[in-house]
Amino acid sequence: DVKVTQSSRYLVKRTGEKVFLECVQDMDHENMFWYRQDPGLGLRLIYFSYDVKMKEKGDIPEGYSVSREKKERFSLILESASTNQTSMYLCASSLFGGEQFFGPGTRLTVL
Amino acid sequence: GENVEQHPSTLSVQEGDSAVIKCTYSDSASNYFPWYKQELGKGPQLIIDIRSNVGEKKDQRIAVTLNKTAKHFSLHITETQPEDSAVYFCAATYNFNKFYFGSGTKLNVKP
């Protein structure tokens, strides 16, 4: 079974802190994605990566950056957390043209 | 970019009844339409998908229909069971990199 794990289920940070969310997949997938999920808005793509060190902006990249140094790991970075970044963050991975597998999510609260 | 609208936002049915969730999309280039089920505390999981060269696909109690002309697709669940209670998301993509999600439907199946 494909497994996508996220480093934390719940995270509480203060405004202005630098926040790292980690995602690891164990199926050698080329593609990895970061989404945020907000009530009534569905899932919105922040960034995706189709290979090591390769990344592309999604629909809402402002205030976020990403890092993919190894194929299995994709990190989302909030350079200076703000209260409007309080959300559920979901990581996913897939082979190109294939099904997306999601992690369990990280619920981030920024105070 | 693509815009996916999903209705209804909540749906309550009696156990054994059918449930239908509808989505419309705006970009005629979209060619892959997955449906995800998200249970409480978990990430979304693919339950069925359809490609643009097919009009209907069925898997046991669930089916998806696609009308390319009208740019809409629907999820049909028959003989609903309490374990079908969850949030369902539709999505659309044309390149398997950017997926555009609907806002979600919370399905409640009453025993």
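Residues numbered from 1 in each chain as written. Chains lettered and ligands numbered in written order. Predicted model: local features only at pLDDT ≥ 70, side-chain atom pairs only at ≥ 80, totals over all residues. Heavy atoms only, no water.

### Quick notes on the state of the cysteines
This model, assessed by the stated rule, comprises two disulfides over all chains. Here A:Cys23 pairs with A:Cys91 through a disulfide, and the sulfurs are 1.9 Å apart. A torsion of -75° about the S-S bond marks the disulfide between A:Cys23 and A:Cys91 as left-handed. Highlighted residues: A:Cys23 in strand β3 (residues 19–25) and A:Cys91 in strand β9 (residues 87–94), separated in sequence by 68 residues. Judged by relative accessible area, which is 0%, A:Cys23 ranks as buried. Paired through a disulfide, B:Cys23 and B:Cys90 show a sulfur-sulfur distance of 1.9 Å. Residues B:Cys23 and B:Cys90 are joined through a disulfide that is left-handed, its torsion about the S-S bond being -100°. (Disulfide = S-S within 2.5 Å. Helix = DSSP H or I, 4+ residues; strand = E, 2+ residues; numbered from the N terminus. Buried < 20%, exposed > 50% of the residue type's maximum accessible area, 1.4 Å probe, protein only.)

### Some words on the sheet that holds strand β6 (residues 56–59) of chain B
Residues and elements named next belong to chain B. Taken in spatial order, the five strands line up as β1-β3-β8-β7-β6 in an open sheet, and their pairing is antiparallel. Of all strands in the sheet, those bounded by a partner on one side alone are β1 (4–7) and β6. Looking at each pair of strands side by side, their axes are set apart by 15° on average, direction ignored. Examined bridge by bridge, β6 and strand β7 (residues 62–67) share four bridges and lie antiparallel to one another. Pairing of Asp-59 across the sheet is with Ile-62, part of β7. (Pairing = 2+ DSSP bridges. Axes fitted to C-alpha atoms, helices over the stretch in contact; angles between N-to-C directions.)

### Observations concerning the sheet that holds strand β7 (residues 64–70) of chain A
All names here are of chain A. The strand order β1-β3-β8-β7 describes an open sheet built from four strands, whose pairing is antiparallel. If you trace the sheet from one side to the other, it starts and ends with β1 (4–6) and β7, each paired once. The sheet shows a mean angle of 20° between the axes of neighbouring strands, taken without regard to direction. Relative to strand β8 (residues 73–78), β7 runs antiparallel, the two sharing five bridges.

### A closer look at the packing of aromatic side chains
All names here are of chain B. All told, the structure shown has 17 aromatic pairs over all chains when counted by the stated rule. Judged by centre distance (6.0 Å) and plane angle (55°), the rings of Tyr-25 and Phe-73 are tilted. Taken together, the residues span a long stretch of sequence, with Tyr-25 in strand β3 (residues 19–25) and Phe-73 in strand β8 (residues 72–77) at a distance of 48 residues. With respect to burial, Tyr-25 and Phe-73 carry one shared label: buried. Ring geometry for Tyr-36 and Phe-101: centres 5.6 Å apart, planes at 40°, overall tilted. In this pair, Tyr-36 sits in strand β4 (residues 32–38) while Phe-101 sits in strand β10 (residues 100–101), placing the two residues 65 residues apart along the sequence. One exposure class covers both Tyr-36 and Phe-101, and it is buried. (Phe/Tyr/Trp six-rings, centres within 6.5 Å; stacked < 30°, edge-to-face > 60°.)

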